[in-house]
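The residues making up each chain are set out below.
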Amino acid sequence: MKYVYWRRARQIVQILSLLAFFALVVYTFRDVQRPVNAQGLMRLDPLAALVTSLSTRRWIAAFIPALLLTMATLILGRFWCGWLCPLGTILDVVPAPSEGAGDARSGWRGVKYGLLFLILFAAFWRNTTLLILDPLAIFVRSVTALVIPGLNWLIVQLEGTLYKAGILRGVVDAVDAALQGTIISYRQPYYQGVLPLSLLLGGILALNLFKKRAWCRYLCPLGGLLSLLSRASWLKRRAAPSCVECSACEKVCPMGTIDGDEMYASDSGECILCMDCAADCPQGAIRFEGDVSIAWDKGYEPTRRQLLTALGASVGGLALLRVTPSTHHPDPRRLRPPGVKEEELLATCIRCGACMRACPSHGLQPSWTESGIEGLWTPILVPRLGHCDYSCTACGDTCPTGAIPSLSLEEKRETPIGKAYIDPELCIAWSGRSPCIVCEEMCPLPGKAIILEEKEVQDDRGGTRTLQVPVVQHERCIGCGTCENKCPVNGEAAIRVIVDPL
Amino acid sequence: MEKITRRALLQWSVTMGLATMAASCVPTTSPVSDMDAEQPTSTKTMGSSAPVDKDRPTATPAATQPKPGVEEATATKLAQSSATREPSPTPPEAAYLAAVHGSDPEAITQRAVAAIGGMERFVQPGDDVIVKPNICNANHSFEYASTTNPQVVATLVTLALEAGAKRVHVMDNPFSGTAQRAYERSGIAEAVKAAGGTMELMSQHKYVETDIPEGKDLESWLFYQPILEADVVIDVPIAKHHNLAHLTLAGKNLMGTIENRPAMHRNLGQRIADITSRVRPQLTVMDAVRMLMDHGPTGGDLDDVKRADTVIASHDLVAVDAYTTPLFEMEPEDIGYITASTEMDLGEMDLGHLDIQEIEI
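Residues numbered from 1 in each chain as written. Chains lettered and ligands numbered in written order. Predicted model: local features only at pLDDT ≥ 70, side-chain atom pairs only at ≥ 80, totals over all residues.

1. Notes on the overall build of chain B
- Within chain B, the regular secondary structure consists of eleven helices and 13 strands.
- Burial statistics for chain B: of 361 residues in total, 57% are counted as buried.
- Considering only contacts in chain B between residues 6 or more positions apart, those separated by 24 or more positions represent 75%. (Helix = DSSP H or I, 4+ residues; strand = E, 2+ residues; numbered from the N terminus. Buried ≥ 20, exposed ≤ 12 C-beta atoms within 10 Å, placed from the backbone. Contact = placed C-beta atoms within 7 Å.)

2. Looking at the overall build of chain A
- Looking only at helices and strands, one finds 22 helices and eight strands in chain A.
- With respect to the principal axes defined by its C-alpha atoms, chain A has extents near 95 × 60 × 40 Å.
- Across the 502 residues that make up chain A, the buried fraction comes to 51%.
- Sequence separation of 24 or more characterises 77% of the internal contacts of chain A that already satisfy a separation of 6 or more.

3. Concerning helix 1 (residues 3-26) of chain A
Residue and element names in this part refer to chain A.
- With 24 residues, helix 1 extends 34 Å from end C-alpha to end C-alpha; this agrees with the ideal 34 Å at 1.5 Å per step.
- Inspection of helix 1 places Arg10, Gln14, Leu18, Phe21, Leu24, Val25 and Val26 among the buried residues, and these make up the whole buried set.
- Among the structural elements, helix 2 (39-42), helix 5 (79-84), helix 6 (86-93), helix 8 (135-165) and helix 18 (354-358) are those in contact with the buried residues of helix 1. (Expected span 1.5 Å × (residues − 1).)

4. Brief notes about the packing of helix 3 (residues 46-56) of chain A against helix 7 (residues 111-124) of chain A
All names here are of chain A.
- Where helix 3 contacts helix 7, the axes come no closer than 7 Å and their chain directions differ by 30 degrees. Overall, the two elements helix 3 and helix 7 adopt an arrangement that is roughly parallel. For the pair helix 3 and helix 7, contact is made by Leu50, Val51, Leu54 and Ser55 and by Ile119, Leu120, Ala123 and Phe124, respectively.
- Taken together, the residues of the contact of helix 3 with helix 7 sort by class into seven nonpolar, one polar and no charged. (Axes fitted to C-alpha atoms, helices over the stretch in contact; angles between N-to-C directions. Parallel < 35°, antiparallel > 145°, perpendicular 65-115°, else oblique. Nonpolar A, V, L, I, M, F, W, Y, C, P; charged D, E, K, R; others polar.)

5. Description of the pairing of strand 7 (residues 464-472) of chain A
Residues and elements named next belong to chain A.
- Across nine bridges, strand 6 (residues 450-458) lies against strand 7 in antiparallel orientation. Looking across to strand 7, one finds that Val457 is bridged to Arg465.
- Hairpin connection, strand 6 to strand 7: the antiparallel pair is bridged by five residues, and Gly462 has positive phi, about 90 degrees. (Pairing = 2+ DSSP bridges.)

6. As for the interface of chain B and chain A
- Listed as interface residues are 42 residues of chain B and, on the opposing side, 47 residues of chain A.
- Ranked by residues supplied to the side of chain B that touches chain A, first place goes to helix 1 (residues 2-25) of chain B with eight residues.
- For the side of chain B that touches chain A, the residue count by class is 16 nonpolar, 20 polar and six charged.

7. Observations regarding the confidence of the model for chain B
Residue and element names in this part refer to chain B.
- Per-residue confidence for chain B gives a mean pLDDT of 82; residues scoring 70 or more make up 77%.
- Confidence drops under a pLDDT of 50 for residues 25-41, and excluding neighbours within four residues, the segment shows 32 contacts in the predicted structure.
- The model gives residues 45-82 a pLDDT under 50, and that stretch makes 53 contacts with residues more than four places away or in other chains.
- Scored as a whole, the predicted complex attains pTM 0.88, and scored at its interfaces, ipTM 0.87. (pLDDT = per-residue confidence, 0-100.)

8. Thoughts on the nonpolar core
- Ranked by internal contacts, the top residues of the largest apolar core, which has 233 residues, are Val140(A), Val153(B) and Val311(B).
- Here this core takes ten residues from helix 7 of chain A, the largest share from any one element.
- Beyond its immediate sequence surroundings of up to four residues, Val311(B) is in contact with Val100(B), Ile108(B), Thr109(B), Ala112(B), Val152(B), Val285(B), Met286(B), Asp287(B), Ala288(B) and Val289(B). (Core = buried A, V, L, I, M, F, W, Y, C linked by C-beta atoms within 7 Å.)

9. Structural notes on the packing of helix 7 of chain A against helix 15 (residues 304-322) of chain A
Residues and elements named next belong to chain A.
- Between helix 7 and helix 15, the least distance of the axes is 8 Å, while the angle of their chain directions is 45 degrees. The orientation of helix 7 relative to helix 15 falls into the category oblique. Between helix 7 and helix 15 lies a crossing whose hand is right-handed. Only Gln306, Leu307, Thr309, Ala310, Leu311, Ala313, Ser314, Gly317 and Leu318 of helix 15 make contact with helix 7, whose side of the interface consists of Tyr113, Gly114, Phe117, Leu118, Phe121 and Ala122.
- A breakdown of the residues in the contact of helix 7 with helix 15 according to their chemical character gives ten nonpolar, five polar and no charged. (Left-handed = near helix turned anticlockwise from the far one by under 90°.)

10. Observations concerning unusual backbone geometry
- Between Gly296(B) and Pro297(B) the backbone carries a cis peptide bond, its omega angle lying at 0 degrees.
- Phi at Leu273(A) is positive, roughly 60 degrees, even though this residue is not glycine.
- For Leu273(A), a count of 22 C-beta atoms within 10 Å puts it in the buried group.

11. Some points on the environment of Pro213(B)
All names here are of chain B.
- By secondary structure assignment, the location of Pro213 is in the loop between strand 6 (207-211) and strand 7 (218-224).
- Since 19 C-beta atoms lie within 10 Å of it, Pro213 is described here as partly exposed.
- With 65 residues separating them along the chain, Pro213 and Arg278 place their C-alpha atoms 7.8 Å apart.

12. Some thoughts on the environment of Arg231(A)
Residue and element names in this part refer to chain A.
- In this fold, Arg231 is placed in the loop between helix 12 (221-230) and strand 1 (235-239).
- Distance in space between the C-alpha atoms of Arg231 and Gly269 is 4.5 Å, their sequence separation being 38 residues.
- Among all residues touching Arg231, those that are not within four sequence positions of it are Ser268, Gly269, Ile294, Ala295 and Trp296.

13. Observations regarding helix 3 (residues 105-115) of chain B
All names here are of chain B.
- The element helix 3 is largely enclosed, with a buried count of eight among its eleven residues.
- When helix 3 is considered as a whole, its buried residues turn out to be Pro105, Ile108, Thr109, Gln110, Arg111, Ala112, Val113 and Ala115.
- The inward-facing, buried residues of helix 3 contact strand 2 (97-101), helix 4 (150-162), strand 11 (283-292), strand 12 (305-314) and strand 13 (356-360).

14. So, the environment of Gly181(A)
- Tracing the chain through its elements places Gly181(A) in the loop between helix 9 (169-179) and helix 10 (194-207).
- C-alpha of Gly181(A) to C-alpha of Val156(A): the two residues are 25 residues apart in sequence and 13 Å apart in space.
- Leave out the neighbours within four places in its chain, and Gly181(A) touches Phe29(A), Asp31(A) and Gln180(B).

As structure tokens, then:
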């Protein structure tokens, strides 16, 4: 068997799957309804499947692909990490030291198991916060909130430059038409918390400066899960007696799991089947062969102490999360997508951000402080950035776990996510500065939830004038935030949606 | 693989960096405007309502004035500020404004355009034509009368193509929902496609800060350039209620040609007139097949819809709006942008002395 061909095949598969997963995220945007979206990617995730099953105490049928991946891992090992994982592929191309990266017996490798146990114990306590570290969630979230908005901005700048200069208009039009509704949105998307989102992604990439695929070796909790399964996998790497101990394989292994002190053996829980070692072996001494056995002698296996520490940390961490003020008193700006039950969301949301990509107004945002640390990067509506479209159910339709319920359009239109309140000192009409009715005009409800009343108001020169002023009819308002989004005052809107105070 | 990839990464970063630098260096002025490059969207009198200066010499005489000398001066003036052709005067045999009543939207649209001189009066062979209906949101189908009737729009597309138009693009910039969805929901996408026209998504990069030489309140605004550059612009509003402007008619419909719309709402009447002075549609066709009588411009309740089975056409946008206003039991004097547009000589709101044809079919 020519392993160089296997390596080439692996590289092609990696690039194709990265492109496919990127396209899945791009096409999640609900301009028009599309048959596939990022749901398809998240459903492959065994960690998300396991965590949500534990936290909701029920099997979510959407996760059948994850079950298939689990079974495939029992046969093939961590092929997911080496061949398919989009984050892994990115880490393969990010600069990394190429020499002396082997650390086959490093105790750091056990950290990912500890993290995995912590996540699983927390899930049992109905907490899913640490899924922010799930590699697929990181990928979908980063593409949604960082990559696509950045590309959108850059492309529009470039198009605008060429358009104003009057050159290549045909090409620009063709490119623009091809990208509209995908990479280019009808409005530039903005996401809050770009800095922390970038820091997590950037930190993972920067770890590569120390060791190639350091994230995959030491930290990735999905990698940890797949690693435990792979210890019993059927397909295993073998170094044959013809080995001349040249250590070429040890140097090339991206996971650094080939152990020069142990006759160049490796851990099937760490091997990602990349075939680099076999392709580069001058003796052709490395083979991948079937073998029924369990590898459990590497020195960084999960220990009982690790389990107990994770259990303790999960309990302690949970207590800390639950004594933050946000659990006692909801932040008024914690505006959840329609139909969301807070408890249910915190137990089910896998932080993938697919809903935020689907939201056609880009108003659905990763929560930063609004839902406490426990709700980090769960979806909230930020009306100033985008309203909840009256004719849209995209977030619920896209959510892979049902954390956001899939509502019919009729249900959604009757499900309040908050209520709008007017700040009369900021309001252009109430403060007597000028006539303004934009909030009433934009209110999408048939019959309007904002009415106008003739009122004698004080103007800023101390006189009075009669103006039409907006008044919210709270029993009708569904808190979609269109009014807040369109309010023409600078900075904070003069009409704001808050969590229903009653 | 690793070395190649590093080089690719480096190239990518450099390319993107250069692109960003290039983008930030290019002035924001439009190719057809001679305004100061760095000027932001600006107003002449911020905030409070600007007094209309009656003594200010008007740049554009009303299209009805049949004085050849003035016509010529006007044409020169507009050629400097816009690529769009001047709205044409009324030929002797045609009506100044036609209002056609009947149950078939296609037939009454055809008849209304025919009565004011036919599409050939506006569209010449090879023209680039833009049709601007009102497709303000993706919430309701056209029966709810918040978006223009698809048959009216499609009929105009057909007429323009028959008159020899090189291409007919139809577009609007909805304030809620994406354009793609609004185009589909309104039924306009399907009808226009069948008629041989093209739905255009209004791309972000084509909004360019453009001066408004005749503006009284606005000095410049972000305009969608293809609309300013088209040979012919056909304004196809639907007659709707609106609480601040009172009514959403042809003038208000031109809000779809600009960006940063919420900021328009201070001194809305004058600002719409200023926008109108820059866009100057050659032909205005009012869809009053269904009228939205309350809770506009969004609608959503069939009880607010009144079936009027009427289409009104003229080269004079102000006259069309002035004609439509009484259908809502209001007076043209009540509508800020009608009076402001009249002050700027963009058209006639006093219909008494005009040749108006009422046709029943």
